[in-house]
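# Commentary on secondary and tertiary structure
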Amino acid sequence: MNAPTLSIRREAGATHLETEQTLPRPLSEVFPFFADAFNLEKLTPPFLSFSIIGTEPIEMRVGALIDYRLRLHGLPFRWRTAITAWEPPYRFVDEQLRGPYRLWRHEHRFTAKDGETVVSDHVTYKVPGGALIDRLFVERDVVKIFGYRFEALERWVTSGTL
């Protein structure tokens with residue numbers, strides 16, 4: 001399995017995070033895993049105490065709303081996202097409607113390649129307090145969250161469970 005990659009750049013007052021991870025599973029297995037909103041709980045580090053509010057299943061489609069609870073540095077947050085693009089099995093986008101960020105847009109992309117699936121993410125976010133608060137606090141947490149996700153996905157593909 002190729003090592004996952006993560007890069008960050010800042011532009012126009014926003015932070016852009018790009019990730020890529022190749023999973024040795026076919027697109028027909030990987031996309032449905034990500035399309036189940038409740039699997040996000042399995043991909044999120046325990047230090048966030050992250051949970052989806054509501055009951056299964058959530059019908060993923062443009063306009064679907066997903067509500068979450070989490071704790072960040074001991075502070076409780078509620079977060080609501082909307083699915084703003086839904087193009088199975090290749091792409092979907094979730095955008096924050098209410099939550100800890102001034103802006104959060106997360107595009108998930110899936111590409112089949114030689115029986116494997118390349119999972120790519122492009123996250124654009126802005127935080128209250130701007131670039132200084134991002135550099136001092138938020139970026140570090142976002143990197144830790146995606147690092148945990150890389151490891152969780154590797155566990156999933158090697159053991160079949162999370």
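For the structure itself, look to the data block above.
For the structure given in this document, a descriptive report is provided here. In this text, all values refer to a predicted model and were calculated from it rather than measured experimentally. (Residues numbered from 1 in each chain as written. Predicted model: local features only at pLDDT ≥ 70, side-chain atom pairs only at ≥ 80, totals over all residues. Heavy atoms only, no water.)

### A closer look at the pairing of strand S2 (residues 14-23)
As a reminder, the rule being used: Type-normalised accessible area, obtained with a 1.4 Å probe on protein chains alone, sets the label of each residue: buried when under 20%, exposed when over 50%, and partly exposed for intermediate values. Secondary structure elements are taken from DSSP: a helix is a run of H or I of four residues or more, a strand is a run of E of two residues or more, and numbering for both begins at the N terminus. One requirement defines pairing of two strands: DSSP has to find at least two bridges between them.
The buried fraction of S2 is high, at eight of ten residues. When strand S1 (residues 5-11) meets S2, the two strands line up antiparallel, connected through seven bridges. Residue pairing across strands places isoleucine 8 opposite leucine 17, the latter belonging to S2. The loop that links S1 with its antiparallel partner S2 comprises two residues; one of these, alanine 12, has a positive phi angle of about 55°.

### Some details on the packing of aromatic side chains
Rule in force here: We call Phe, Tyr and Trp rings a pair once their centres come within 6.5 Å, taking the six-membered ring for Trp, and we label the pair stacked below 30 degrees between planes, edge-to-face above 60, and tilted otherwise. Charge-over-ring contacts are defined here by two conditions on Lys NZ or Arg CZ: a distance within 6 Å of the ring centre and an angle within 35 degrees of the ring normal.
Tallied over the full model, the rule gives 15 aromatic pairs. When the ring of phenylalanine 34 is compared with that of phenylalanine 110, the centres are 5.1 Å apart and the planes differ by 55°; the resulting orientation is tilted. Placement of phenylalanine 34 in helix H1 (residues 27-35) and of phenylalanine 110 in strand S7 (residues 103-113) is noted, with a sequence separation of 76 residues between them. Residue classification places phenylalanine 34 among the buried residues on the basis of a relative accessible area of 9%. A centroid spacing of 5.7 Å and a plane angle of 40° characterise the contact between tryptophan 79 and tyrosine 101, whose relative ring orientation is tilted. Here the residue tryptophan 79 occupies a position in strand S5 (residues 75-87), and tyrosine 101 occupies one in the loop between strand S6 (91-98) and S7, the gap between them amounting to 22 residues. Comparing tryptophan 79 with tyrosine 101, the two get one shared label, buried. Members of the aromatic cluster, each reached through a chain of ring pairs, are Phe31, Phe33, Phe34, Trp86, Phe92, Phe110 and Trp156. A cation sits over an aromatic face here: lysine 144 above phenylalanine 47, 4.9 Å from the ring centre. Here the basic side chain of arginine 155 rests over the ring of tyrosine 148, its NZ or CZ set 5.6 Å away from the ring centre.

### Notes on the nonpolar core
Worth spelling out the cut-off: We call a set of buried residues a nonpolar core when its members are Ala, Val, Leu, Ile, Met, Phe, Trp, Tyr or Cys and they connect through side-chain atoms within 4.5 Å of each other. Only heavy atoms matter for contacts: two residues are in contact if any of them lie within 4.5 Å across the pair.
Counting residues in each nonpolar core, the largest one holds 37 residues, and the members touching the most others are Phe34, Tyr101, Phe110 and Tyr125. For this core, the element with the highest residue contribution is helix H3 (residues 130-159), accounting for seven residues. Not counting residues within four places of it along the chain, the set of residues in contact with tyrosine 125 comprises Ala14, Thr15, Tyr101, Leu103, Trp104, Asp134, Val138, Glu139 and Val142.

### Some words on H3
Which entries qualify depends on this criterion: Expected span, for any helix, means 1.5 Å times one less than how many residues it has. At every residue, the bend is computed as the angle between two fitted axes, covering the seven residues ending there and the seven beginning there respectively.
Counted at 1.5 Å a residue, the expected span for H3 with its 30 residues is 44 Å, and the 41 Å between its end C-alpha atoms agrees. In H3, a bend of some 50° at leucine 136 exceeds every other bend along the element. Among the residues making up H3, those that are buried are Asp134, Val138, Asp141, Val142, Phe146, Arg149, Phe150, Ala152, Leu153, Trp156 and Val157. Following H3 by one or two positions, glycine 160 has its phi on the positive side, about 85°.

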